[in-house]
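The primary structure of each chain is shown beneath.
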Amino acid sequence: MADMFLMGNEAIGMGAIRAGVSFVAGYPGTPSTEVLETVAKHNDGKIHVEWSVNEKAAMEAAAAAAYTGARSMVTMKQVGLNVATDPLMSLAYMGVKGGMVVMVADDPGPISSQTEQDSRTFGIYSKLPVFDPSSVQEAYEMIADAFEYSEKYKTPVLFRPTTRVCHGVENVKTLEKIQLPPIEGFVKDTLKWVIFPRTSFMNHKMIEKRNPEIGNDFSSYKFNKITGSGKKGIITGGISYEYVMEILGGRDDVKLFKVSTPFPFPEKAALEFAEGLDEVLAVEELDPVLERQMLQLVGKHHLNVEIKGKLTGNVNQAGENSTETLLPVIAKFLGEEVPEEEKTEETPSMPVRPPVLCAGCPHRASFYAVKKAVEKMGETGVYCGDIGCYTLGNAKPLDMVDTCLCMGAGITMAQGLYHMEPDKKYFAFAGDSTFFASGITGIVNAVYNQADLTVCILDNSTTAMTGHQPHPGTGKTMMGEIVEKIDIKKVLEGIGVKYIQTVDPLDLNASIEAVRNACALGGVKAIIFKSPCIAIVKSSKKCEIDENKCIRCRKCIREIGCPAISAENGVIKIDSSLCTGCTLCTNVCPVNAIGGVR
Amino acid sequence: MMNKNILLCGVGGQGTVLASRLIALAAMEKGFETKGAETIGMAQRGGSVVSHVRLGENIHSPLIPHKKADLIIGFEPAEAVRCLPYLKKGGCVIVCPKDIQPVTSSLMGGSYKGSEMLEYLKQKVEKLIVVDGDEICRQCGSPKVLNVVLLGAAVASGETGITLEEMEKAVEKRVPEKFKEMNMKALRLGAQAAEK
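Treat the numbers as computed from the prediction; the structure is a model and nothing was measured.

Moving on: the packing of helix α1 (residues 8–18) of chain A against helix α7 (residues 136–153) of chain A. All names here are of chain A. Running from amino to carboxyl end, α1 crosses α7 at an angle of 30 degrees, the nearest separation of the two axes being 8 Å. In terms of orientation, α1 and α7 fall into the roughly parallel class. Along this stretch, α1 crosses α7, giving a crossing that reads as right-handed. On α7, the residues touching G8, A11, I12, M14, G15, A16 and R18 of α1 are V136, A139, Y140, E141, I143 and A144. Its residues assigned to classes, the contact of α1 with α7 shows 9 nonpolar, 2 polar and 2 charged.

Residues and elements named next belong to chain A. Examined at the domain level, chain A breaks down into domain 1 (3–219), domain 2 (225–333), domain 3 (362–530) and domain 4 (542–597). Placing a centre on the C-alpha atoms of domain 1 and another on those of domain 2 gives a separation of 26 Å. Of the residues lining the interface, 27 residues belong to domain 1; the matching set on domain 2 comes to 22 residues. Sorting the residues of the side of domain 1 that touches domain 2 by element identifies α6 (119–126), β6 (130–131), α8 (163–166) and α10 (197–219) as the ones contributing at least two each. It is α10 that contributes the most residues to the side of domain 1 that touches domain 2, 7 residues altogether. A per-class count over the side of domain 1 that touches domain 2 returns 11 nonpolar, 10 polar and 6 charged.

Another point: the sheet that holds strand β16 (residues 453–459) of chain A. Strands in a sheet are paired, the pairing made by backbone hydrogen bonds, and the direction either parallel or antiparallel. Residues and elements named next belong to chain A. Read from one edge of the open sheet, 5 strands run β14-β15-β16-β18-β17, paired in parallel fashion. With one partner strand each, in any of the chains shown, β14 (381–384) and β17 (499–503) form the two edges of the open sheet. Each strand axis lies, on average, 20 degrees off the axis of its neighbour in the sheet, ignoring direction. Direction of pairing for strand β15 (residues 425–431) relative to β16: parallel, over a ladder of 5 bridges. Bridge assignment links G431 to a residue of β16, and that residue is L458. Where helix α15 (residues 362–377) meets the sheet, its contacts fall on β14, β15, β16 and β18 (524–530), and the angle it forms with β16 comes to roughly 160 degrees.

Conventions used here
Residues numbered from 1 in each chain as written. Chains lettered and ligands numbered in written order. Predicted model: local features only at pLDDT ≥ 70, side-chain atom pairs only at ≥ 80, totals over all residues. Axes fitted to C-alpha atoms, helices over the stretch in contact; angles between N-to-C directions. Helix = DSSP H or I, 4+ residues; strand = E, 2+ residues; numbered from the N terminus. Parallel < 35°, antiparallel > 145°, perpendicular 65-115°, else oblique. Left-handed = near helix turned anticlockwise from the far one by under 90°. Contact = placed C-beta atoms within 7 Å. Nonpolar A, V, L, I, M, F, W, Y, C, P; charged D, E, K, R; others polar. Domains from an automatic or database assignment. Pairing = 2+ DSSP bridges.

Structure follows, in structure tokens:
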């Protein structure tokens, strides 16, 4: 078939379409986002594709879709799986009728995540089969296998690529679309679809019997393979396999076991691999999943094979692997000369480039208004942040994020702090997408439990950080339908928030006023800072500095940290290619040297 | 066919991803296997970005291992210096000399001089091609074509295994009609700059 140049996530999306997926739901999160977007882009109109309000909703909807016999997929990043754990743990007992793939992307490093959790370990915990692709081509093909095994064993399966596979690119050989029988539909069967303790007990027994059978089945799975020979062996999987191959460079005097299905462990194949070996090195990222299962195998079968890896300190326990990190590890294991570490030469000192809020980002103005208002009131403010672009409000000079834990936690953490130390002013920041995903329950909790805090909703009418996905407040769905917007203000009113003020954050004085008014009242207050994401709304407005008026006090730089403003040899300049004319700096300038121009 | 490893580096927003995709497209047309990796997500917002492109046979890692890059295309001089550990002995570096200061430099210091970075590159790199991308962009009428200018230079350097004609076809395929002429000009001026 044809060659297509695809990113890993695109390949997974295309692979799912090829496999005849009928229902795809998810919540955006790097590095998983493009999978669902690819399905939506290439949808022939027959696939239901949705950005759900959060991962839990997506999981439940996709599970029900699979109850009809349709193939369904749910997509998320690893921390999203935490949100969806409740339905998935129960679903693991109930099983499915149509194939259901839980596409969960892990992020070793972590490069853009809160945790380095390993979804393979989640597979062991939930007793669900796990597929772990090592390349883009493999991911494309393997997603169809995942659907097939899911249907064969009537269980949801996990499909977990890591960032380097998700964001890797490759020319992919595409394959013929798989033809499926018609979807049967939901058939009432209380014993099957209604979870009860007795059902779970029965199904638990069934699962424990079934999983070793799946392990045996996986022993002959085409993407699990043993190559090479010798007394020393390497067991690996995922992207680490590619690094090992890069290092071995075609040599076959090392036995190599590539495991694409880390759970249930393909024990038969592993025994074949262990045969005749003295030592095994487990090369993997995140948890020592393969290593532990090899240790278990060695113990169970009384094999005289030494297992090395993370538990023995041979492989790094945290962070991602690379050809560079593994080169000395493998050389040492093979008893070969460890390449000497290159002496780092004197390089000129390198600029650090931390990610920053864009020039003209309305979040900067919102944070600044809250900061100024609290300063003016002479109060002590505590600022509970959340997950999104606005986490970048932590950077100096704004320095407006005191806590950040997980999606939606800003509101509930502000509440917890308030109950312990009621004398301070608490602010919780949540984006519009975060508000819908998991902010609402927190606000209900704060209102019900009589907290005194101000929720600042940074409403830029999109899910900006992950690349501008629609959500319930945007009035658009992933199917392209225009729907009624769910009004954040009305939701807050419904919850019983008494003070709700909507302001344009770019109007600094009105924003400061709104914060002061909120702080003067008790209870839970809300300010909706409403202004569209500057990356979507292209502005032709610019600000300019009148050099004759500018006194070079640098207050604009010191206070707001806009990437468009810089000092060159003491002269303050605005980069017109970055400036969007938001006029926050105009408001800050003490001598009115900054004007707005069209 | 010799395998080629090409690393593109710069600052978020400079168009490194599109440039790497154009190389891959041109290579695919020739029937080369291609692999690579792109920086996506938070780092795009003003951060350092790197795209890896690997062409040829038996490629495994999507990331170019250290000391294996045949060519580094530096969209910014400090970023080119940062990526030097990837360059193979005797490898080639194409660099646009204009520095982009980090946002934080005006605030917290830590500014640097592009000229110092360039001097360092001159000392360390045998095959260094400096392309005044800014000037060529001005001639083309948009700062957005810097990526295509540098692609032109890359092709002319002979380090990509792709000819100018092949790259022209890739650009033609990928770039919207109304920007086509400007990009073709950028590609050719970039190539000329490298040949000087």
